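# Observations on the model geometry
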Amino acid sequence: MLLPLSAALRMSKELQWGGRFKEAPDPELIAFGSSLDEDLVLAPFDVACSQAHVAALLGGRILEPSQAKELNEALETVAREIATGTFAAFARGGTFEDVHGAIDARVREITHAGESLHAGRSRNDQVATTLLLYARDRAARGRAISAGIARAALVRAREELAARTVLAGTTHWQPAQPILLAFWLGAMAEMFARGARRFARVFEDAARFCPLGSGALSGSSLPLDRDAAASALGFGAPSRNAMDAIGTRDIALDLAHACVRAVVDASRASEEFVIWCTPAFGYARLGDSASTGSSLMPQKRNPDPFELVRSQAAALNGTYAGAVGTTAGIALSYHRDLQTTKALAIGVVEKGLASLRAFARAFDVLAFDRERMSAIAGDGYTVATDLADELIAGGASARDAHASIGRAVAEAEAGGKLLHPTFDAEASVRAKKTAGSTSPAAVAAALDSLETELATFGDLG
Ligand code: ARG
């Protein structure tokens, strides 16, 4: 297909290549190959990366100080345009392959010095570096949200410990043994603390090695000051192998993984909350601000945020698997497939963090019905294990104790009676003796220890 000359010229200015071609590219294929929709979110990080590249060019005396100044000023202008949204409009209005090309074009529009910005640089090292800066930013956010949820669960656990709220802990969703609600909330807090630690590990890895200066795959014959670039961006050191630096998406995938895992954790708690909110259970009530109604049934109070988090966990899991899949057959250097890897990973991260925030907001307005929970905590003969334990403590074998309490359960069930007139759910939790158990003392100790650890979770970055 032949384009009018003016359109072809405009495209060759907007694309960062074209000198070796005689015909204009097919606009439909350029649109198909564009990652702008997905990577526009990287814009602020590309500006930082470009400023660091200016430092590398200046340090290597490849740019005059006056050119470096002009470039940095132009990049500051672009940063402001990103913040106000005008840059997004500019980028969407052009024929750009990605956010990097759009920023390069905008800088060239602002200053003639822009023609020198790309010296010694490839989009390959630019994409790799920008993704690491993004990973650091989002890992810090993921960590803050996860730690926030862990802290919120801990605060609620302290309240419920003081109130001695008990519920029937379940396995297989069947009544198993009484537990303190504080113990359940402590488990939730532990889960999110683990997620916060996972995000911190990704943050650390993303701050280790700076790919900038790796070029397309083998380094540069220009004397780029890679140390200056790495330290300007807060990396520990320049990367050690240029081809590995541009060809890996490991850390972006690790970040996506940390997000998926955190949403899966939120989904497991959500599953329980959805059921707790049904009137049949009556354990909890979700506040108005997080509930939705029905367009037909006037009485409905639906816990949609928890259901959506549950479904996002499944969907993001699939997308994450797809992202890893795109790298499986890829030789060690850059291939365009990695653009799809990047787009999928970014999608998982953005939706994952949004899901975590939604979960946190809904959890904030979830109210527990202490009386209802505690009143039925002994139903389903949940104290049977403690009664068997008493027999064992008195000298019976485990086998005999199990069999005799089993028979007692069968009799009580047939007669619609309790297993023991005084040994109730509260007595059961008080009877627990092991560290890490649901006894009030063990729960208090566990919450103290977790709280001490959470206090050391400062902001990353
Ligand atoms: N849009 C591409 C990506 O996101 C940029 C890298 C292009 N490099 C290349 N050699 N074509 O992966």
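One can find the structure itself at the top, above this paragraph.
All of the points below concern the structure found in this document. (Residues numbered from 1 in each chain as written. Predicted model: local features only at pLDDT ≥ 70, side-chain atom pairs only at ≥ 80, totals over all residues. Heavy atoms only, no water.)

## Observations concerning the overall build of the protein chain
Secondary structure summary: the protein chain contains 19 helices and six strands in total. Against the 2.2 N^0.38 benchmark of 23 Å for 461 residues, the protein chain shows a C-alpha radius of gyration of 29 Å, more extended than a compact globule. Structurally, the protein chain occupies a C-alpha span of about 90 × 50 × 40 Å along its principal axes. Going through the 461 residues of the protein chain one by one, you find that 46% of them count as buried. Relative to all contacts within the protein chain whose residues are 6 or more apart in sequence, the contacts with residues 24 or more apart total 78%. (Helix = DSSP H or I, 4+ residues; strand = E, 2+ residues; numbered from the N terminus. Rg over C-alpha atoms; globule rule 2.2 N^0.38 Å. Buried < 20%, exposed > 50% of the residue type's maximum accessible area, 1.4 Å probe, protein only. Contact = heavy atoms within 4.5 Å.)

## Digging into the packing of aromatic side chains
Following the criterion strictly, the structure yields 17 aromatic pairs and no others. Between Phe45 and Tyr134 the ring centres are 6.0 Å apart and the planes differ by 80 degrees, which places this aromatic pair in the edge-to-face class. One end of the pair, Phe45, is in helix 4 (residues 43–59); the other, Tyr134, is in helix 8 (residues 123–163), and 89 residues separate them in sequence. Neither residue differs from the other here; Phe45 and Tyr134 are each classed as buried. Measuring from centroid to centroid gives 5.8 Å for Phe306 and Phe359, while their planes differ by 65 degrees, and the two rings are edge-to-face. Residue Phe306 is found in helix 13 (residues 304–327), and its partner Phe359 is found in helix 14 (residues 337–364); the two are separated by 53 residues along the sequence. The same class applies to Phe306 as to Phe359, namely buried. One aromatic cluster is present, formed by Trp173, Trp184, Phe192, Phe273, Trp276, Phe281, Tyr283, Phe306, Phe359, Phe363 and Phe368 through successive ring pairs. (Phe/Tyr/Trp six-rings, centres within 6.5 Å; stacked < 30°, edge-to-face > 60°.)

## Considering the site of the ligand
By nearness alone, every residue bordering the ligand is listed as Ser35, Asp98, Arg123, Asn124, Val127, Tyr334, Gln339 and Lys342. Gln339 has a polar side-chain atom sitting 2.7 Å from a nitrogen atom of the ligand. Here the ligand has 340 Å² of accessible area as a free molecule, and 83% of this is covered by the chains. Contributing elements (two or more residues each) for the shell around the ligand: helix 8 and helix 14. Ranked by the residues each element gives to the shell around the ligand, the list is headed by helix 8, at three residues. The residue inventory of the shell around the ligand, partitioned by class, reads two nonpolar, three polar and three charged. (Near = heavy atom within 4 Å. Polar contact = N/O pair within 3.5 Å; in protein donor to acceptor, adjacent residues only side chain to side chain. Areas by Shrake-Rupley, 256 points an atom, 1.4 Å probe, with all protein chains shown as cover. Nonpolar A, V, L, I, M, F, W, Y, C, P; charged D, E, K, R; others polar.)

## Remarks on the pairing of strand 1 (residues 166–171)
Within a regular strand, side chains alternate between the sheet's two faces. Strand direction decides the pairing type here: strand 1 and strand 2 (residues 174–180), joined by six bridges, are antiparallel. Counted as the bridge partner of Thr170 is Pro175 from strand 2. Where strand 1 folds back onto strand 2 in an antiparallel hairpin, the turn is made up of two residues, including His172, whose phi is positive at roughly 55 degrees. (Pairing = 2+ DSSP bridges.)

## Thoughts on helix 7 (residues 99–110)
For an α-helix, 3.6 residues make a turn, and residues three or four places apart therefore share a direction. Taking 1.5 Å of rise per residue, twelve residues should cover 16 Å, and helix 7 covers 17 Å from first to last C-alpha, within 8% of that figure. Extensive coverage of helix 7 is indicated by the burial of ten of its twelve residues. Buried residues of helix 7: Val99, His100, Gly101, Ala102, Ile103, Asp104, Ala105, Arg106, Val107 and Arg108, and no others. With a side-chain oxygen lying 3.2 Å from the backbone nitrogen of His100, the N-terminal cap of helix 7 falls on Asp98. (Expected span 1.5 Å × (residues − 1).)

## Description of the pattern of salt bridges
Taken as a whole and judged by the stated rule, the model has 22 salt bridges. We note a salt bridge from Glu160 to Arg370, for which the minimum N-O separation is 2.9 Å. Within this pair, whereas Glu160 is found in helix 8, its partner Arg370 is found in helix 15 (residues 370–375), the two being separated by 210 residues in sequence. One network of salt bridges, with partners in common, ties together Glu97, Asp98, Arg123 and Arg336. (Salt bridge = Lys/Arg side-chain N within 4 Å of Asp/Glu carboxyl O.)

## Regarding unusual backbone geometry
You will see that Arg164, though not glycine, has its phi angle at about 55 degrees, which is positive. Of note, Arg164 is situated in the loop between helix 8 and strand 1. With relative accessibility at 35%, the residue Arg164 sits in the partly exposed group. The backbone of His172 shows a phi angle near 55 degrees, a positive value even though the residue is not glycine. Along the chain, His172 falls in the loop between strand 1 and strand 2.

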